[in-house]
Amino acid sequence: MKDETQLRPSTGDDFAAIFGLLSTVFHEEIEGELRDLEGVVYELDRSLVADDAGLVAGHVQAFSRDLTVPGAVIPAAHVSGVGVLPTHRRRGLLTRMMHRQLHEIADAGREAVAVLWASETSIYPRFGYGPAASRLSLNIMNREVRLPVPPAEPSGRLRMGDPGDLLAEMSGVYERLRPDRVGWSSRDDNWWKWVLGDPKDHRDGATRRYAVVHEGPGGPTGYALWRIKDDWNSHGPSAEVQVREVVAADPETYQALWRFLLGIDLTRSVTMRLAAVDEPLLYMVDEPRRLGAGYVDALWLRVIDVPGALTARRYATDVDVVLEVTDPILTRNSGRWRLTGGPGGATCTPTGDPADVALSVTDLGAVYLGGTAFSTLAAAGRVRQATGNDPTVAFRWNRLPSPTEVF
Ligand SMILES: CC(=O)SCCNC(=O)CCNC(=O)[C@H](O)C(C)(C)COP(=O)(O)OP(=O)(O)OC[C@H]1O[C@@H](n2cnc3c(N)ncnc32)[C@H](O)[C@@H]1OP(=O)(O)O
């Protein structure tokens, strides 16, 4: 039978069907408070549905947020809510939606990159998304790790409270640090509502979320968000602290927050799904192995506009290199580009000169934030280095990218 499914922008009338579809494909109930929260950040004019004679069979959306990249903060399409009904899978609907979305982002000309979190790692490389940032998941035996002894006279103090009551302090610190934290996304008031949203039926038996703010002599310098899942076994108390976010402006704050989280009474483990790959905690505790660190992919990045993206970021060292990029979807990205730049900025122009490095737009996405190295991709046989002019060091940055939330 001929597939008559049409792609079209969503309307407000599609909401129930869209959240029904997303509930089906993600095997969860997106209802009530959770659905309201998703509605708070939903951008109707940036979503698409696949309409099969009135049935919403596919959906993709994007959020307009800024992303911190090495040396700059740039607009980035934050792609999310991707799904195709099980009855309509593997007949090319995702491919059609992805292609249309990529062309729409490129034609609008505002965002040089798009980012997403992938449910499965095999889905997005074909659409030009590369693994640009990774994360550590921590499962800490908190009774078996020690942090350095605290200063005799700490310069700050901790104040615990309801996250909603501490919003101004938390968002203030986040905003102050964001320009330097590669991989962080901007959070306006709606996004803070979403981040702090805490629907009761999504706590999986754990407490509501708590917040603690670290205050120094000049004001707030950091905060942590967490909840606790209670447990008792034959050895006694065995609760788990589930950490959502630790944000700290300086080492003293960072240590104070972790000392607090690791020391909560009646707990025996502390977990965190989204720790940084270079999380300072790894180098502060006396028994790093007891942090139970596991490595996972995090943010996937798609370069929408090669010269736009390459000139938007800064480079750790001077760089003058010819990149030969292939992009079968956004074909104007394909070709040879001379990138000349350094810590102060860069230019990127088409060139007829021979390439130093040949790579797909997927691999350019992977190296863009400095979280994946050209040299690693070359060793993996993905990137071809034709000369000794290797841009690996220039593309790195002071810290590895560390996105803070799965949007
Ligand atoms: C950013 C986010 O929202 S991530 C969330 C993604 N969504 C989910 O995981 C929800 C559950 N899954 C789904 O809804 C669907 O399976 C989707 C959206 C992943 C794929 O939709 P489909 O319409 O079936 O994809 P489509 O038919 O266009 O497939 C394109 C290609 O990708 C491949 N592909 C699609 N999904 C997957 C997958 N999950 N794993 C491996 N390969 C996949 C297909 O085999 C096909 O390959 P081919 O061209 O070599 O034949």
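Numbering of residues begins from 1 in every chain and follows the order in which that chain's sequence is written. Local features are withheld for residues below a pLDDT of 70 in this predicted model, meaning they are given only at 70 or higher, and side-chain atom pairs are given and counted only at 80 or more; totals for whole chains, interfaces and linings count all residues. Calculated side-chain values reflect all of the structure's heavy atoms, with hydrogen atoms and water omitted.

Structural notes on the overall build of the protein
Note on conventions: DSSP H or I runs of at least 4 residues are helices, E runs of at least 2 residues are strands, and numbering of each starts at the N terminus. A tally of regular secondary structure across the protein gives ten helices and 21 strands. Only C-alpha atoms enter the radius of gyration, while the globule expectation follows 2.2 Å times N to the 0.38, with N the number of residues. What you see for the protein is a C-alpha radius of gyration of 23 Å, in line with the 22 Å of a compact globule of 407 residues. Taken over the C-alpha atoms alone, the protein extends approximately 65 × 55 × 40 Å along its principal axes. Note on contacts: a residue pair is in contact if any heavy atoms of the two residues lie within 4.5 Å. Sequence-distant contacts, at least 24 apart, represent 72% of the contacts inside the protein between residues at least 6 apart.

Considering helix 1 (residues 15-25)
Residues of helix 1 that are buried: I18, F19, L21, L22 and S23. Tucked inside the fold, the buried residues of helix 1 contact helix 2 (32-41), strand 2 (47-52), strand 3 (55-69) and strand 4 (72-84). H27, located one to two residues past helix 1, shows a positive phi value of around 55°. Each residue is assigned to one of three classes by its accessible area relative to the maximum for its type, calculated with a 1.4 Å probe on protein chains only: buried under 20%, partly exposed between the two thresholds, exposed over 50%.

Examining unusual backbone geometry
Notably, H27 is not glycine yet its phi reads approximately 55°, a positive angle. Along the chain, the position of H27 falls in the loop between helix 1 and helix 2. Since its relative accessible area comes to 71%, H27 is described here as exposed. The backbone of L266 sits at a positive phi, close to 70°, despite the residue not being glycine. Mapping L266 onto the fold places it in the loop between helix 6 (251-262) and strand 14 (267-276). The class of L266 is partly exposed, set by a relative accessible area of 45%.

Side note on the sheet that holds strand 2
Strand pairing requires that DSSP identify at least two bridges connecting the strands. Here seven strands make up an open sheet; going across it, the order is 1-2-3-4-5-16-6 and the pairing mixed. Edge positions in the sheet fall to strand 1 (6-9) and strand 6 (129-131), since each of these pairs with one other strand and no more. With strand direction ignored, the average angle separating the axes of adjacent strands in the sheet is 30°. With six bridges joining them, strand 2 and strand 3 adopt antiparallel strand pairing. Bridge assignment links D52 to a residue of strand 3, and that residue is L55. Only C-alpha atoms enter the line fits that serve as axes; for helices the fit covers just the stretch in contact. Angles between N-to-C directions range over 0 to 180 degrees.

As for the site of the ligand
V82, R90, G92, T95 and S119 are the nearest of the 23 residues found near the ligand. For the ligand, an oxygen atom lies 2.5 Å from a polar atom in the side chain of S119. In isolation the ligand has 950 Å² of accessible area, and contact with the protein removes 74% of it. Of all the secondary structure elements, the ones that give two or more residues to the shell around the ligand are strand 4, helix 3 (93-108) and strand 5 (113-117). At six residues, the largest contribution of residues to the shell around the ligand is made by strand 4. Definition of nearness: a residue and a molecule or strand are near each other if at least one heavy atom of the residue lies within 4 Å of the molecule or strand. Between N or O atoms, a polar contact is any pair within 3.5 Å; within protein, one atom must be a potential hydrogen donor and the other a potential acceptor, and residues adjacent in sequence are included only when both atoms are from side chains. Surface exposure here means Shrake-Rupley accessible area, sampled with a 1.4 Å probe, where a residue is shielded only by the protein chains that are shown.

Side note on the domain arrangement of the protein
Domains assigned within the protein are domain 1 (6-111), domain 2 (136-296) and domain 3 (304-395). Centre-to-centre, using C-alpha coordinates, domain 2 lies 36 Å away from domain 3. Here the limits of each domain have been adopted from an automatic or database domain assignment.

Observations concerning the pairing of strand 4
In terms of residue burial, strand 4 counts as a mostly covered element, since eleven of its 13 residues are buried. Examined bridge by bridge, strand 3 and strand 4 share eleven bridges and lie antiparallel to one another. Residue pairing in the sheet places T68 in a bridge with V73 of strand 4. Hairpin remark: strand 3 followed by strand 4, antiparallel, with two residues in the connecting loop; positive phi at G71, about 80°. With respect to chirality, the unit in which strand 4 leads through helix 3 into the neighbouring parallel strand 5 is right-handed. With its strands directed away from the observer, a crossover is right-handed exactly when the path from the first strand over the helix to the second travels clockwise.

What about the sheet that holds strand 19 (residues 345-350)?
Ordered in space as 19-18-17-20-21, the five strands form an open sheet in which the pairing is mixed. Of all the strands in the sheet, the pair left with one neighbour each is strand 19 and strand 21 (384-385). Relative to strand 19, strand 18 (residues 335-342) runs antiparallel, the two sharing six bridges. What sits directly across from G341, in strand 19, is A346.

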